[in-house]
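Working through the structure, step by step
In case you want the letters, here they are:
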Amino acid sequence: MKQFLSRLASFLVIPAIAIIILLALYVYFDPFKVLRNYTDYSSAAVEPDRDYVSTEMFIKNHGKYNYNSFIFGSSRTVAFRPNSWRQYLPDGDSPFVFDASDESVYGIDAKLKYLDAKNAEIKNALIIVCRDQTFAASENSNSHLFTSHPALSGESRFNFQMRFVKGYLTPRFLVNFYAYKVLGKYKTFMSGYIQNERIIYDTITNEVSVLIREQNIANDPAYYEKRKDMFYVREGEQIDSVQRISSKQLFMLQEIKRILEKHKTSYKVILSPLYEQMKFSSYDMGILRTLFGDHLFDFSGKNQFTEPVTNYYESSHYRPVVGDSILHLIYGKKD
């Protein structure tokens with residue numbers, strides 16, 4: 001019996017030591033950048049939780065830069081550059097990109113409620129709404145890459161941190177992360193775990209800049225030819241057959257409008273010009289038009305922005321040249 005217990009203890013001790021070592025390395029490397037304070041999240045090897053980054057940047061910098069103009073939405077806000085928007089804003093206004101990866105109406109509502117609770121000035125706002133993403137969720141995500149900052153969700157910091165620990169301890173992440181650490185560079189098998197592009201986050205406006213993509217397009221005449229399988233053949237403009245706005249999400253939209261009106265915000269709600277060329281269902285469009293009226297600008301479907309393949313990096317994200325043109329259309333000519 002003593003021999004059995006000794007072997008059992010050895011069997012249990014070895015995994016426990018391995019877990020302790022892995023957790024110590026987690027604290028040391030902080031792969032998701034959520035354990036310590038950072039002034040710049042640029043060039044992170046592991047894709048960060050963009051909601052967390054945006055909220056942290058606001059918390060750290062709002063007192064210094066007095067942000068009063070906000071861009072809300074998913075990663076497609078990459079097309080709407082603060083410096084381009086600033087040209088249409090009154091002198092002295094301070095823009096901030098308050099976005100999140102796969103942002104939903106839940107996230108936009110939470111961010112506006114947070115700003116309202118902090119008595120932040122919300123003088124101007126751009127809200128980027130996407131047919132395929134904005135109404136995909138109505139509550140906080142359990143995924144460590146998409147979960148909301150505790151300051152927005154109201155959840156405990158312990159639960160928030162545990163999502164990242166669980167994500168870290170998955171075998172696939174461990175293999176890819178430590179392979180990257182050993183090799184010192186990205187390999188194709190690391191896709192989905194390690195970033196292969198240098199992403200720059202502006203330390204003032206929180207703008208995301210993927211310069212390498214623009215450089216690739218400029219330097220490679222065959223950029224789109226090489227990716228013709230990615231840019232699938234479309235069947236022309238279609239109308240979504242699915243009603244995506246739930247009753248809970250309708251309430252969130254009403255709350256968004258309430259806060260914007262409370263602050264007398266000059267705001268624009270932009271329906272993204274997605275490559276898919278599909279418009280919202282008549283039910284959803286009716287809700288959006290009734291709520292936002294002249295503040296709503298619909299660039300979905302088939303139009304001058306969605307027709308040219310060259311307006312996209314891939315079939316999901318449209319380029320800043322599109323965002324600049326949309327700003328010109330909805331605000332008028334620059335001074």
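Before any of the text, the structure's been laid out above.
Attention here is on the structure that accompanies the text. None of the values given here were measured: they were computed from a predicted structure.

**What about the side chain of D30?**
- Relative to the assigned elements, D30 resides in the loop between α1 (2–29) and α2 (50–65).
- Salt bridges are absent for the buried D30, whose nearest opposite-charge side chain, R36, sits at 4.4 Å.
- Within polar-contact distance, the side chain of D30 engages the backbone nitrogen of L35 at 3.2 Å.
- Looking at D30, its side chain comes within polar contact range of the main-chain nitrogen of R36, at 3.3 Å.

**Points about the nonpolar core**
- Among the nonpolar cores identified, the biggest contains 60 residues, and F58, F70, F72, L115, L253 and L288 are the most heavily contacted of them.
- Broken down by element, the residue count for this core peaks at seven residues, all from helix α4 (residues 105–117).
- Non-local contacts of L115, meaning those with residues more than four positions away in its chain, are made with F58, F70, F72, F98, A120 and I122.
- Listed in part, the 27 residues of the second largest apolar core include F80, I128, I270 and I326.

**A closer look at the pattern of salt bridges**
- Under the counting rule described, the total for this entry stands at 22 salt bridges.
- Residue R163 is joined to E155 by a salt bridge in which the shortest nitrogen-to-oxygen separation is 2.9 Å.
- Its salt-bridge partner being D220, residue K226 comes within 2.9 Å of it at the nearest N-O pair.
- You can call K226 exposed: its relative accessible area is 61%.
- Taken together, the salt bridges that share partners define one network made up of D109, K113, E255 and R258.

**What to know about helix α11 (residues 282–292)**
- Within α11, burial applies to D284, M285, I287, L288, L291 and F292. One face of α11 carries all of its buried residues, which in axial projection span an arc of 155°. Of the exposed residues in α11, the ones pointing more than 90 degrees away from its buried face are S282, R289 and T290.
- Packing partners of the buried residues in α11 comprise α10 (247–262), β7 (266–271) and β9 (296–298).
- At the C-terminal side of α11, G293 shows a positive phi close to 50°.

**Some thoughts on the packing of α4 against α10**
- Interaxial distance between α4 and α10 falls to 9 Å at its minimum, and their mutual angle equals 30°. The orientation of α4 relative to α10 falls into the category roughly parallel. Both α4 and α10 take part in a crossing whose hand is left-handed. Facing α4, whose interface residues are V105, Y106, I108, D109, L112, K113 and D116, α10 presents Q249, M252, L253, E255, I256, I259, L260 and K262.

**Notes on the layout of surface pockets**
- Taken as a whole, the largest pocket holds about 810 Å³ of empty space.
- Considering the residues around the largest pocket, the lining is formed by 32 residues, among which E47, S101, Q195, I199 and R213 are closest to the centre.
- Here the residues of the lining of the largest pocket sort into 15 nonpolar, 11 polar and six charged.
- Taken as a whole, the second largest pocket spans an internal volume of roughly 180 Å³.
- Lining the second largest pocket are 16 residues, with D102, S104, A137, S141 and F146 positioned closest to its centre.
- Looking at the lining of the second largest pocket residue by residue, the classes come out as five nonpolar, seven polar and four charged.

**Observations concerning the environment of L329**
- In this fold, L329 is placed in helix α12 (residues 320–331).
- Residues L329 and I19, spaced 310 residues apart in sequence, show a C-alpha to C-alpha distance of 56 Å.

What counts, and where the lines are drawn
- Residues numbered from 1 in each chain as written.
- Predicted model: local features only at pLDDT ≥ 70, side-chain atom pairs only at ≥ 80, totals over all residues.
- Heavy atoms only, no water.
- Helix = DSSP H or I, 4+ residues; strand = E, 2+ residues; numbered from the N terminus.
- Buried < 20%, exposed > 50% of the residue type's maximum accessible area, 1.4 Å probe, protein only.
- Lys, Arg positive; Asp, Glu negative; His and termini not counted.
- Salt bridge = Lys/Arg side-chain N within 4 Å of Asp/Glu carboxyl O.
- Polar contact = N/O pair within 3.5 Å; in protein donor to acceptor, adjacent residues only side chain to side chain.
- Core = buried A, V, L, I, M, F, W, Y, C linked by side-chain atoms within 4.5 Å.
- Contact = heavy atoms within 4.5 Å.
- Arc of directions from axis to C-beta.
- Axes fitted to C-alpha atoms, helices over the stretch in contact; angles between N-to-C directions.
- Parallel < 35°, antiparallel > 145°, perpendicular 65-115°, else oblique.
- Left-handed = near helix turned anticlockwise from the far one by under 90°.
- 1 Å grid on protein atoms, 1.4 Å probe; cavity = no way out; pocket = protein on both sides within 12 Å on 5 of 7 lines; lining within 4 Å.
- Points joined across faces, edges and corners; volume = space filled by probe spheres on them.
- Nonpolar A, V, L, I, M, F, W, Y, C, P; charged D, E, K, R; others polar.

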